[in-house]
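# Overview (structure and organization)
As a plain string of letters, each chain reads:
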Amino acid sequence: MNTVNAKEVKEHARRLGADLVGIAPMSRFEGAPKQMDARYIFPGAKSMIVLGFRIARGTLRGIEEGTLFSNYPSMGYAALNQVYGPMVLWNLTRLLEDEGYETIPMLNANGGEAINPVTGNFRKGWSRPAADGKPYPDVLVHFRLAAYLAGLGEIGWSKVFLTPEFGPRQRFAILLTDAELEPDPIFEGKICDRCKACVTHCHGNAISMDESVKVTVAGHELEWNKLDPLACEKGIQGGANRELSPFEGEYPRMYGYGRAIEGACGCIRACMVHLEERRTIKNLFKNKFRSSPQWEIDRSKPYELTPEVVEFYEKSGKIEDFEAYITYNKRDNYGTDKTDGKVNPLVD
Ligand code: SF4
Ligand code: SF4
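In this text, all values refer to a predicted model and were calculated from it rather than measured experimentally.

### Here's the deal with the packing of helix 1 (residues 6-16) against helix 3 (residues 71-98)
- Between helix 1 and helix 3, the least distance of the axes is 10 Å, while the angle of their chain directions is 145°. For helix 1 against helix 3, the interelement crossing comes out right-handed. Touching H12, A13 and L16 of helix 1 are V88, N91, L92 and L95, all from helix 3.
- Across the contact of helix 1 with helix 3, the residue classes break down as five nonpolar, two polar and no charged.

### A short note on the site of ligand 1
- Among the 13 residues in the neighbourhood of ligand 1, the closest are listed as G156, C192, C195, C198 and C271.
- At the level of secondary structure, the elements contributing two or more residues to the shell around ligand 1 comprise helix 5 (197-200) and helix 7 (265-278).
- With three residues, the single largest contributor to the shell around ligand 1 is helix 7.
- Split by residue class, the shell around ligand 1 holds seven nonpolar, three polar and three charged.

### Looking at the site of ligand 2
- Close to ligand 2 lie C202, G204, A206, I207, C232, G235, I236, E262, A264, C265, G266 and C267.
- Of all the secondary structure elements, the ones that give two or more residues to the shell around ligand 2 are helix 6 (229-235) and helix 7.
- A total of three residues in the shell around ligand 2 trace back to one element, the largest contributor, which is helix 7.
- Taken together, the residues of the shell around ligand 2 sort by class into eight nonpolar, three polar and one charged.

### Comments concerning the sheet that holds strand 2 (residues 47-54)
- Taken in spatial order, the four strands of this open sheet run 1-2-6-3, and their pairing is antiparallel. Both edges of this open sheet fall to strand 1 (20-25) and strand 3 (103-106), since each of them pairs with a single strand only. Averaged over all pairs of adjacent strands, the angle between their axes in this sheet comes to 20°, without regard to strand direction.
- Against the sheet, helix 1 contacts strand 1 and strand 2, and its axis sits at roughly 145° relative to strand 1.

### Overview of the nonpolar core
- Of all hydrophobic cores here, the largest spans 76 residues; its most connected members are M48, V50, L51, A146 and I174.
- Take this core: its biggest share by element is eight residues, from helix 3.
- In this structure M48 touches A24, M26, A38, A146, L149, A150, I174 and L176, once residues within four positions along its chain are discounted.

Definitions and limits used
- Residues numbered from 1 in each chain as written.
- Chains lettered and ligands numbered in written order.
- Predicted model: local features only at pLDDT ≥ 70, side-chain atom pairs only at ≥ 80, totals over all residues.
- Axes fitted to C-alpha atoms, helices over the stretch in contact; angles between N-to-C directions.
- Helix = DSSP H or I, 4+ residues; strand = E, 2+ residues; numbered from the N terminus.
- Left-handed = near helix turned anticlockwise from the far one by under 90°.
- Contact = placed C-beta atoms within 7 Å.
- Nonpolar A, V, L, I, M, F, W, Y, C, P; charged D, E, K, R; others polar.
- Near = placed C-beta within 6 Å.
- Pairing = 2+ DSSP bridges.
- Core = buried A, V, L, I, M, F, W, Y, C linked by C-beta atoms within 7 Å.
- Buried ≥ 20, exposed ≤ 12 C-beta atoms within 10 Å, placed from the backbone.

Structural data, given as structure tokens:
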């Protein structure tokens, strides 16, 4: 007899900071490929709790305007996956363990999987099964499919997960527990209307207009575009031709995610704009998100300083090479210039 129920777990998760909570019985993994079947991670688990955390619309604003690129990769991406989500995971795990239920808190982070999380390919030569019959470590739990199994929404044409609350704006975290909790039904609604705005706005040319992939999950057939994952990996860094990167070199990483400087121009921003216009999601805003067409950078023009910068900085001698601060950090901030040319292991 359980000493916690689904209602209490959900209320607690929301109090802790989750925006969405869905519960799937582990039996919904039936038919999943062995390498992606969470039951091999925790054979005694009875339930998978999937938490959703909204990506604040404001984290996309700076990229929409072309003036602040660090906010989305940090607050809209990494901080949700690596800071905020894990805090809620830990605290919900404490609740369940205090009641005597073993619980695995799983953050959305890529690492040692036997399946490449970007391409979905098996990594030959990477690991060995720990015993006969077991999958190769690490088993990769597909977070979007987990969210589907927990009834939180659907996977859109773009392959981005869409919920009735936030459309494409959320990230997920998972708990596997041996508490048997009342499951949520699979989402039977329709959010994606195949408008294909995600395709036309994808600067990575990664989303197919017509070709699709179909998979059967928990007895339901799901379909999304035949995504080119490597084109997406490149596109996410500023478009296929860096047309969405105003930076002359590589952008520094924020918690390792700094490369997401296109702010999901097509698959998140265009979809969000479309769903808000259709008013088919719950989290709507007083003001429209998009007030001007998407900007592009003309790289055929030579790099030059704008008149405002010339007037304000150049004329007063306050111009430096972009490498100056990096050099300062390496040489002076760590004191390496005072060590007779010895290499500082912290920075070299
Ligand atoms: S932009 Fe349109 S086609 Fe693409 S996922 Fe969103 S609703 Fe579906
Ligand atoms: S993240 Fe960017 S490059 Fe990748 S599919 Fe979405 S819009 Fe295209």
